[in-house]
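# What the coordinates show
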Amino acid sequence: MEVTRERAWETLTRHTKSESLRRHALAVEASVRFYARRYGEDEEHWGCVALLHDFDYELHPTLDKHPQDGAPILREEGYPEWLIEAALSHAEHLEMPRDTELKKVLFACDELSGFVHACGLVRPNGLEGLGPKSVRKKLKQPSFAAGVHRDEVYAGAELLGLSLDEHIANIVAALQPIAGELGLRTAT
Ligand SMILES: [Fe+2]
Ligand SMILES: [Fe+2]
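First things first, this report covers the structure right here in the doc. Treat the numbers as computed from the prediction; the structure is a model and nothing was measured.

Another aspect to go through is the packing of aromatic side chains. Under the definition given, this model contains 4 aromatic pairs. One aromatic cluster in this structure is built from Phe34, Tyr35, Tyr39 and Trp46. In this structure, lysine 138 packs its charged tip against the face of phenylalanine 144, placed 5.2 Å from the ring centre.

In structure tokens form, the structure reads like this:
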């Protein structure tokens, strides 16, 4: 089958009704696409992996099933193994090697895009003017977006060989164009 965004979006939205989960998928997609552009990789393919990485979370909200039990569903729908393997690799408990740039980028974008999104939601102008310093400050407040694993945020930047500040700035830039879709206020 041909992996297209249209198809990935259809699969995602058929299995995922929650708006916040759809927004998470969109945020990770935008972030992964940012890095695909930067690395000169296939933006649409990388974006599809990001869109689908948590597609089964509503069906399988626990780690004894997510994301591994989503794999047979994707297989049945005709998705190729490279996409399935990359999507599964985001899960720490599966301990799969992150041996491609795509797997590294997906892991690095998963938690941080959620966190930057959360930062934007509590600011009057959303992501406008949001700098790495204030994101870092919020990372140190355990009660803020408590579900985001800080250790994975730090490990992700390291995996990409970037400073945390650079990685944060990239994610903010990646999310800005889709701020409206993410339910964020914009300055204009
Ligand atoms: Fe996940
Ligand atoms: Fe995720």
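The subject of this paragraph is unusual backbone geometry. As a rule of thumb, non-glycine residues mostly have phi less than zero, and peptide bonds are mostly trans rather than cis. Geometrically, the link from histidine 66 to proline 67 is a cis peptide bond, its omega value of -5° lying close to zero. With respect to the helices and strands, proline 67 occurs in the loop between α3 (43-52) and α4 (71-76). For glutamate 95, which is not glycine, the phi torsion reads 50° and is therefore positive. Here glutamate 95 lies in the loop between α5 (81-88) and α6 (101-121). Phi is positive for alanine 145, close to 45°, though the residue is something other than glycine. Mapped onto the elements of the fold, alanine 145 is located in the loop between α7 (132-139) and α8 (150-160).

Once that is clear, we can look at the coordination of the iron ion (ligand 2). Here the iron ion (ligand 2) is held by the protein donor atoms His24 (NE2), His53 (NE2), Asp54 (OD) and Asp110 (OD), which lie 2.1 to 2.2 Å from it. Taken together, the 4 donor atoms coordinating the iron ion (ligand 2) and their angles of 86 to 177° define a geometry best described as irregular. The sequence pattern describing where the donors of the iron ion (ligand 2) fall on their chain is H-x28-H-D-x55-D. Separating the iron ion (ligand 2) from the iron ion (ligand 1) is a gap of 4.1 Å, bridged by aspartate 54, which donates to each. Remark: aspartate 110 occurs in helix α6 and histidine 24 occurs in helix α2 (residues 19-39); sequence separation between them is 86 residues.

What follows is about the environment of glutamate 152. Relative to the assigned elements, glutamate 152 resides in helix α8. With 44 residues separating them in the primary sequence, glutamate 152 and alanine 108 have C-alpha atoms 7.5 Å apart. Those residues in contact with glutamate 152 that lie beyond four places of it in its chain are Glu92, Phe107 and Glu111.

The buried fraction of α3 is high, at 7 of 10 residues. Those residues of α3 not exposed but buried are Trp46, Gly47, Cys48, Val49, Ala50, Leu51 and Leu52. Each element contacted by the buried residues of α3 is listed here: α1 (5-15), α2, α4, α5 and α6.

Looking at where asparagine 170 falls in the secondary structure, it is placed in helix α9 (residues 164-175). A relative accessible area of 9% places asparagine 170 in the buried class. Excluding residues within four positions of it along the chain, asparagine 170 makes contact with Phe34, Tyr35, Arg38 and Leu162.

As a further point, take the layout of surface pockets. As a volume, the largest pocket reaches approximately 740 Å³. If you trace the largest pocket, you find 27 residues lining it, with His24, Asp54, Asp110, Glu111 and Gly147 closest to the centre. Put simply, the parts of the chain that give the lining of the largest pocket at least two residues each are α2 and α6. Counting residues per element, the lining of the largest pocket draws most heavily on α6, which supplies 7 residues.

The rules we used
Residues numbered from 1 in each chain as written. Chains lettered and ligands numbered in written order. Predicted model: local features only at pLDDT ≥ 70, side-chain atom pairs only at ≥ 80, totals over all residues. Heavy atoms only, no water. Phe/Tyr/Trp six-rings, centres within 6.5 Å; stacked < 30°, edge-to-face > 60°. Lys NZ or Arg CZ within 6 Å of the ring centre and 35° of its normal. Helix = DSSP H or I, 4+ residues; strand = E, 2+ residues; numbered from the N terminus. Donors = N, O, S within 2.8 Å, 3.2 Å for Na, K, Ca; no water. Tetrahedral: all angles 85-135°; square planar, octahedral: opposite > 155°, others 65-115°. Contact = heavy atoms within 4.5 Å. Buried < 20%, exposed > 50% of the residue type's maximum accessible area, 1.4 Å probe, protein only. 1 Å grid on protein atoms, 1.4 Å probe; cavity = no way out; pocket = protein on both sides within 12 Å on 5 of 7 lines; lining within 4 Å. Points joined across faces, edges and corners; volume = space filled by probe spheres on them.

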